[in-house]
Each structure stands twice: as C-alpha cells, then as structure tokens.
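A look at the structure
Here is how the chains run, residue by residue.
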Amino acid sequence: MKQSVRYLLKNFEALDQQEVTVYGWVKSNRAQKAFGFINLNDGTAFDTLQVVYESEFLDNFGSVSKYRVGSAIKAKGILTLTPNRRDPFEIKAREVELIGDSSEDYPIQPKRHTREFLRENAHLRPRTNLFNAVFRVRSILTHAIHSFFQERDFIHVATPIITASDAEGAGETFGVSMLDIKNPPLTEAKEIDYSKDFFQKKTNLTVSGQLEAEAFALSFRDVYTFGPTFRAENSNTKTHASEFWMLEPEIAFADLEDDMDLAEKMVKYLIKYIKEKAPKELEFFNRFVEKGLLKKLDYVLNSPFVRVTHHEAVKALKEAKKKFENTPDFNEDFATEHEKYLVKHFGGPVFIYDWPKNIKAFYMRLNDDQETVAAMDLLVPGSGELIGGSQREERLELLEKRMKEMNVPKEELQWYLDLRRYGSCKHAGYGMGFDRMLMYLTGIKNIRDVIPFPRTPRNCEF
RNA sequence: GCCUAAUUAGCUCAGUUGGUUAGAGCACAUGACUGUUAAUCAUGGGGUCCUAGGUUCGAGUCCUAGAUUGGGCGCCA
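Now for a quick tour of the structure. For clarity, every value in this text was computed on a predicted model and none was experimentally measured.

**Overview of the packing of aromatic side chains**
Inspection of the entire model under this criterion finds 23 aromatic pairs. With a centroid separation of 5.4 Å and 25° between ring planes, the pair formed by Phe-216 and Phe-220 is classed as stacked. Placement of both Phe-216 and Phe-220 in helix H5 (residues 210-220) is noted, with a separation of four residues, approximately one turn of the helix. Overall, Phe-220 belongs to the partly exposed group, its relative accessible area being 43%. Their ring planes at 85° and their centres at 5.6 Å tell us that Phe-324 and Tyr-341 sit as a pair that is edge-to-face.

**Some thoughts on the protein's contact with RNA strand B**
Neighbouring RNA strand B are 46 residues; Val-207, Arg-231, His-240, Met-246 and Tyr-363 lie closest to it. Between Glu-104 and RNA strand B, the recorded distance is 2.6 Å, taken from a side-chain N or O atom to a sugar or linking oxygen. A distance of 2.3 Å is found between a base oxygen of RNA strand B and a side-chain nitrogen or oxygen belonging to His-240. Looking at the surface near RNA strand B, the elements that each hand over two or more residues are strand E1 (19-31), strand E2 (35-41), strand E5 (89-100), helix H3 (115-120) and helix H10 (336-346).

**What to know about the sheet that holds strand E7 (residues 162-163)**
The strand order across the open sheet formed by three strands is E7-E9-E8, and the pairing between neighbours is antiparallel. The sheet is open, and its two edges are formed by E7 and strand E8 (175-176), each paired on a single side. Taken together, the two bridges between E8 and strand E9 (residues 203-205) define a ladder with antiparallel strand orientation. What sits directly across from Val-176, in E9, is Thr-203.

**Notes on helix H12 (residues 414-421)**
All buried positions along H12 are accounted for by Tyr-416, Leu-417, Leu-419 and Arg-420. One face of H12 carries all of its buried residues, which in axial projection span an arc of 140°. Looking at the packing, one finds that the buried side of H12 touches H5, helix H11 (396-405) and strand E16 (427-433).

Reading the values: rules and limits
- Residues numbered from 1 in each chain as written.
- Chains lettered and ligands numbered in written order.
- Predicted model: local features only at pLDDT ≥ 70, side-chain atom pairs only at ≥ 80, totals over all residues.
- Heavy atoms only, no water.
- Phe/Tyr/Trp six-rings, centres within 6.5 Å; stacked < 30°, edge-to-face > 60°.
- Helix = DSSP H or I, 4+ residues; strand = E, 2+ residues; numbered from the N terminus.
- Buried < 20%, exposed > 50% of the residue type's maximum accessible area, 1.4 Å probe, protein only.
- Near = heavy atom within 4 Å.
- Polar contact = N/O pair within 3.5 Å; in protein donor to acceptor, adjacent residues only side chain to side chain.
- Pairing = 2+ DSSP bridges.
- Arc of directions from axis to C-beta.
- Contact = heavy atoms within 4.5 Å.

This is the structure we're talking about:
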C-alpha cells in the first residue's frame, strides 16, 4: 500500500500514528549525528513531505544520511502530527530504501536557477517548484476549458492536424511530405509533383481548425476544437512558438456581440477555476513570479471588459501624449507598443472590434459600412493578443466576392462554400492561444516556460 | 529576419590598465553537531575562460569571424 503526498496532506489529521508508505524524490537531505531530515516530493503535490529518520530505528542510517538530492526513494513510517512545527505533520521513518540513485552532478540543486538553464534541462525542470506549479496549472487549465464548454453543451470536435488547405492566410506552414527531398518527382513544368505524394496533393500541418469547426457548428450549433497548431514563421519573441495549443469555439445563430460575451465569460470562468483548484500554485506565482498577480486576476474577474472599435482605439492612440515609433493608422494593425499602451490606457483586458477589412481574413463578415469587418481581438497585459475572433461571412455571394478579391482559391474550399449554400446562418467564433492564457494566469513572461518541451526556430530538442 | 547584450567550476557570478599559481557562494567528498527545513561549522577535490583565427614578449581581458543564449523589434488565420 502506498499513499501519495497529496492524499496525506488532505487526510493527515485522521492518520495520526498510522503507518504510511510514500515513494518520491529527495528535494533536500539534512543529516546530523543520530537523525536527519529528508524533504520528499512525489509530484502529486506542490508541497514536500518531511521524513525524519533516526539511527535507533534504521540499520542503514549511514547510507540514508548520504542520499543525494534527486534520488528516488521509498519511505515507510509513522505519520505524526507536529502542530508546533512548521509542517503540520511528518513521517517518522521505520524503513528508508534507495530506489534510484542520483549521481553527484545532478543539475537541479536546492537553489535558484535561471530560466535559461532550466530550459536546456527541460527533462528535469518539472522537478523544480516553479515548473511543478506551471505544469500542474497547465493540466488543470486544460480541464477547465473542457468543463466550461461541456457545461454549456458544446460539442468537442477533433479537427485534423494534417490538412491540404493552404487557403487560410499568409501564415507559413510546415509541409508534410513523404517524397524523397533529394530526388523528388517533377512535373513537366519542373515543379515538384505532389500528385505522387502520400496524399496525392501538397499537405501541411494545420494552422487553425476553424474552417472545419464551422462545418460542425452548422450541424451542432455550439462546438469547440482544442489541440496543437503549427506555425513555421521565423518568429523570435517570448509570445511565439512553432508548436502551440489553440482553443477555437464556434457558435451558430450568433453574432460578434455573442462571440465577445462568450469569450469574456470564458476568461472569467478559467480564472475562477484556477483560483479554486490551484490556490497554492497561484500564491507561489504571486510571490515569486509576478507580484500583484492575484490582485490583477481579481480585478479582471470583477470588472466588465472594455469594448472599443478599432477606430476608437486608433483615435485614443493618436490623442495619447506618448510618442510611438510607429504612427497609429486607421487602416493598419497595431504594433506591439500600441497594444501595450491600449491595455494600460484601458486598465485591463480590452476588446477591439470592427476592424478595417483590408487587414483581416477573407471569411470575416463585412459590416454595413462596407469598410470594416465584424472582427475582434482581446488584448491583455503581458500576453498581447490573447484571443482573436470574428463573425463569419455567411452570405455566399459576399464570401465569394471577398475570396476573389483576396486571391483565395475557390476550388479547394467548395466544401466551405457549401456551408453557405445549405442552411447558412450567422455564426461566429474565436481562437485563443492556450499557452498565452497560461502565461497570463501564471505571470510567466516567456512562452517557452509554459510549454513542456517547446519548439521554436532552431530548437527542437527533446 | 534586424538591432543589442552575454558566454569563466555541475549551478549562480566576480575577475582591476593586457602581466605571478583564475576566485567566491551553492553543489560534491570527508568530518563535527540531539529538531533541521535553501540547516550550520571545518577541511578537501573540481577550470578546453563558447569555438576558430589574429595582435602582442605576454590574452579570461584587445581585434575579426562563427555558434549558442537573453532582451527589444519585425513576421504572425
């Protein structure tokens, strides 16, 4: 019988003077002449468990006192309440056994390491306090997303990872091919002949599950897709990764207003959920990662998100006293400095909606002014653009016209146009960068530190 | 992709104007210690100063190129 540290932390009061067995890794070991202390972490809880070992109970006291940090051990002993000490209880060992030694050069020490060093040791960093907390919260956040949508009767749809659609926009994609790259089959025009490839056409890793999600929304009404996404851009920033996770809900019989309502409700739900399920972890982030994190989250929880049009936002930028490197323009997207100013100016998350049509994607619904589309971005402090969404163009003629204007090939997207031919209706959706949401919730400032084994340009270790 | 900074022990860092044998804390090893919790104390071992060239009587230190990493920006349905 073995107990997890999490179980003991929850039930220790009822287990006083009972024998328990724990397995885990040594976080620190402090030996004196006839007794010593091991702080044990088994990964099930953020906190460690103190194991007291004494020479009078152990034959192997000498070797136990030499167990190094990182070693895997088993400890059997008597759970004892210690109300006057720092920890509420401890284990008085009757048996301590080495399962897996950790050699002298174990890189993770009971001291502060730089994030860069830990990134290079991505296989060992989940053993540190910080990453133990980050990746537990990541797991809980995944669950929070599913429960938010499942509680609202959304259908989860697994959209494909490999697609043949290159029509979604200018985003660079990773190609998927089984052709011999040294000697590929060529067409008469001396171009690579993808008809000889595995799928008999050019394929790539997905940059979005949205188009397929739309098909399901026009069957199930409310759906969401949640999974990995791949971008081959040579982006070197702390908010971009080559492989990341994206959540994309899609709702039918709904407009942009409904879309923003859903996004706002969801963000608040996720914050509330994490506060409830990972209070220890949040407290840790609040102390050591971002001072004021809890205050920030509470503020977001309790105030309505500001909603301004792109036009109003640009106006606010133009009226700002601050000098920008890039001049704000009514027909342009924002630069990073503009986004930073806007979230500061509006004091928290802010929706920017009704964007000029020429800087947005072909599927976004044209507004009555003929100049803007029903698109929205949610900007948040620290993580930049957290959510981007729109109401979709449901009118076949207008959609076809827009595709022609933007050189989107129609042939590959006949199925997408079908959705407008057969029972079309207004619908909307958005995409949320899951990893950016996690950054926002934990205060971690680099996306590489919220992804277990991050992939970025020139880096695919592990 | 552009700009900028950094790279010295397992880790975090110091290293004077270019000049003796490159240092500290933690970690590791040995020992002391009857309640420690980043324990403490004593002693000890541990270095391709990122790589390749160059300048110089002499380079961790100066120059050139490259690699890697950080930060800023760009790209980003």
